[in-house]
Amino acid sequence: MNNHYFQTAKPLNQQLQQLMQRMHVHAPEIARVSYAKYNRDTDTLVTYADSEFQLWSELHHEKRLSKLDHLKRAAAMGIPRVIDDLAYMTHCERIGFLLNKGYRSSAAIPCFQNHRFSGFVFLNAYEPNVFSNQSLMTLVPYIEMLQFAVESHSQVVKTIVEFADRLRTGSNLFSRDSYYHGRRMRAYTKVIAQYVAEQHKLDDEQVEAIAMFAQVHDIGKAQLPETLMYNSQPFGPQELMSARSHIDNGIKLMDEIVSSVGNPNHPSITLLNQIMRFQYEYLDGSGYPYGFQQEEVPLAARIVAVANIFDSMTTHKTYRQACSVTSALLELEKMVQQGKIDGHCVDALRSRQSYLKQVIHKYPEPEAWGSDSAEI
């Protein structure tokens, strides 16, 4: 593995801003540079980075590529799609958004990784008729740098999660149920992160990183004794202390994984550290291990905490049946009133109840588990 591939220090939006400034040597009319990733599993183009990032709700966008005829053709043929004047394309909602922002021309350059389509670089200008095949040729080195930056950022998170998932699901203790728990956590966390993104100025890159890291938030439990994990009796003080050691275990394992990929100076590592260290803190100071309160608890940890409590409530335990989605949300609301968890995070889940039920149906608990784990 070439660990230098992962070294990057600035958020991707800032890197796009700097690349746009360098592009101005050849094309000073460029006013915006953005990147949309292609998700092959869902056939969707999803915004990921934008040089003009301000409001998440305005800039976040996703659409099935099969519904975008011109872009689908550009991706299939490997050629740019150029719109000389957006004013003639008002039938498209996204183009209407661009026109409202004052943009008049657009170029979409397809990107490929290992000969497979991976997404589009989008360029916009305030004047019409800015982009031509000749002008785009002069920008090829910058497009390649931009693609490299995007892939580097995305690959850091993906590699860390893959390593952690492999380690976690390889455990005899966790192989039975951790896969679906991780997938549910990823889905719930993404719902919450998207909901609070506007208020907390999260961008697409951060939303995706929080959701992916939530998938392996409990990696430290893989080192706990099985007798402890599947104990159906209330923990005594010594057992509780041993059980809570999974936080330190998880931090250590994640530090080793991050080290194995070259200790990247990557902004998402901060989010990972916040999740691993503070996901069991409550806003009233009654959580552990540090007893942090209110704003001392980072947003990423608040998000994962609510998602994890919701998942725990909606899955079976040895001492109770799973709650319905509605009942779990009522219990979460009680915790909000007690000052323990973030109310906006709970509002996010309440706003997507039908989707939550779909996630539970798609990633159900295994039918034959034996004993279930005690809550930690």
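Quantities reported herein were computed from a predicted structural model and do not represent experimental measurements.

A. View of helix 3 (residues 69-77). Inspection of helix 3 places Leu71, Ala74 and Ala75 among the buried residues, and these make up the whole buried set. When helix 3 is viewed along its axis, its buried side chains cluster within an angular range of 95° and face the same direction. For helix 3, the exposed residues lying more than 90 degrees away from the buried face are Ala76 and Met77. Looking at the buried positions of helix 3, the neighbouring elements they touch are strand 2 (44-50), strand 4 (81-83), strand 5 (105-113) and strand 6 (116-125). Among the residues trailing helix 3, Gly78 stands out with phi positive, at a value near 70°.

B. Spotlight on the nonpolar core. Formed by 60 residues in total, the largest nonpolar core has its most connected members in Ile160, Met254, Phe310, Leu332 and Leu349. Ranked by the residues each element gives to this core, the list is headed by helix 13 (residues 299-313), at 9 residues. Setting aside residues no more than four positions away along its own chain, Leu332 makes contact with Val306, Ile309, Phe310, Met313, Ile341, Val346 and Leu349. If you look at the next biggest cluster of nonpolar residues, it comprises 26 residues, including Met20, Tyr48, Val121 and Leu146.

C. Broad picture of the environment of Ser51. Positionally, Ser51 belongs in the loop between strand 2 and helix 2 (56-59). For the pair Ser51 and Val33, spaced 18 residues apart in sequence, the C-alpha to C-alpha distance is 5.4 Å.

D. Quick look at empty space enclosed by the protein. Counting across every chain of the model gives 2 cavities of 30 Å³ or more. Roughly 60 Å³ of volume is contained in the largest cavity. As for the largest cavity, its lining consists of Glu281, Tyr282, Leu283, Val297, Ala301, Arg302, Ala305, Val306, Lys340, Ile341 and Asp342. In terms of residue class, the lining of the largest cavity is built from 7 nonpolar, no polar and 4 charged. Taken as a whole, the second largest cavity holds about 30 Å³ of empty space. Looking at the second largest cavity, the residues that line it are His217, Asp218, Gly220, His246, Ile247, Gly250, Met276, Gln279 and Tyr280. When residues of the lining of the second largest cavity are assigned to their parent elements, the largest contribution, 3 residues, is made by helix 11 (residues 246-260).

E. Layout of the pattern of salt bridges. Tallied over the full model, the rule gives 11 salt bridges. A salt bridge links Arg104 to Asp85; its shortest N-O distance comes to 2.6 Å. Within this pair, whereas Arg104 is found in the loop between helix 4 (93-100) and strand 5, its partner Asp85 is found in the loop between strand 4 and helix 4, the two being separated by 19 residues in sequence.

F. Examining the packing of helix 13 against helix 15 (residues 343-350) more closely. Where helix 13 contacts helix 15, the axes come no closer than 9 Å and their chain directions differ by 50°. The angle between helix 13 and helix 15 falls in the class oblique. As for how helix 13 packs across helix 15, the hand of that crossing is right-handed. Residues Arg302, Ile303, Val306 and Phe310 of helix 13 touch helix 15, and the partners they reach there are Cys345, Val346 and Leu349. Partitioned by chemical class, the residues of the contact of helix 13 with helix 15 number 6 nonpolar, no polar and 1 charged.

G. Broad picture of unusual backbone geometry. A cis amide bond, omega 10°, links Tyr288 with the succeeding residue Pro289. Residue placement: Pro289 occurs in the loop between helix 12 (267-278) and helix 13. Here the phi dihedral of Asp43 falls at roughly 55°; this positive angle occurs in a residue that is not glycine. What makes Asp43 buried here is its relative accessible area of 15%.

H. Layout of the confidence of the model for the protein chain. Looking at the protein chain, the pLDDT average stands at 85 and 85% of residues meet or exceed 70. Taken as a whole, residues 1-7 scores under 50 in pLDDT and shows 23 contacts with residues more than four places along the chain or in a different chain. Overall, residues 368-376 carries pLDDT values under 50, and its contacts beyond four positions in sequence, including any with other chains, amount to 28 contacts.

I. Representation of the pairing of strand 6. Along strand 6, 9 of the 10 residues are buried, which leaves the element largely enclosed by surrounding structure. One ladder, built from 7 bridges, connects strand 1 (residues 30-39) with strand 6; its direction is antiparallel. Bridge assignment links Tyr35 to a residue of strand 6, and that residue is Val121. Here strand 5 runs beside strand 6; their pairing, made up of 9 bridges, is antiparallel. Residue pairing in the sheet places Ile109 in a bridge with Val121 of strand 6.

J. Region of the structure containing the side chain of Asp342. Along the polypeptide, Asp342 turns up in the loop between helix 14 (325-337) and helix 15. Other than its neighbours up to four places away in sequence, Asp342 contacts Leu283, Arg302, Val306 and Val336.

K. Inspection of the layout of surface pockets at higher detail. Its volume calculated, the largest pocket comes out at about 1900 Å³. Around the largest pocket, the lining is made up of 45 residues, and of these Asn39, Asp41, Thr42, Arg186 and Lys190 lie nearest the centre. Within the residue set of the lining of the largest pocket, elements represented by two or more residues are strand 1, strand 2, strand 6, helix 6 (140-169), helix 7 (178-200), helix 8 (204-214) and helix 16 (353-362). Looking at the lining of the largest pocket, the element that brings in the most residues is helix 6, giving 8 residues. Here the lining of the largest pocket is composed, by residue class, of 16 nonpolar, 13 polar and 16 charged.

Thresholds, definitions, all that
- Residues numbered from 1 in each chain as written.
- Predicted model: local features only at pLDDT ≥ 70, side-chain atom pairs only at ≥ 80, totals over all residues.
- Heavy atoms only, no water.
- Buried < 20%, exposed > 50% of the residue type's maximum accessible area, 1.4 Å probe, protein only.
- Helix = DSSP H or I, 4+ residues; strand = E, 2+ residues; numbered from the N terminus.
- Arc of directions from axis to C-beta.
- Contact = heavy atoms within 4.5 Å.
- Core = buried A, V, L, I, M, F, W, Y, C linked by side-chain atoms within 4.5 Å.
- 1 Å grid on protein atoms, 1.4 Å probe; cavity = no way out; pocket = protein on both sides within 12 Å on 5 of 7 lines; lining within 4 Å.
- Points joined across faces, edges and corners; volume = space filled by probe spheres on them.
- Nonpolar A, V, L, I, M, F, W, Y, C, P; charged D, E, K, R; others polar.
- Salt bridge = Lys/Arg side-chain N within 4 Å of Asp/Glu carboxyl O.
- Axes fitted to C-alpha atoms, helices over the stretch in contact; angles between N-to-C directions.
- Parallel < 35°, antiparallel > 145°, perpendicular 65-115°, else oblique.
- Left-handed = near helix turned anticlockwise from the far one by under 90°.
- pLDDT = per-residue confidence, 0-100.
- Pairing = 2+ DSSP bridges.

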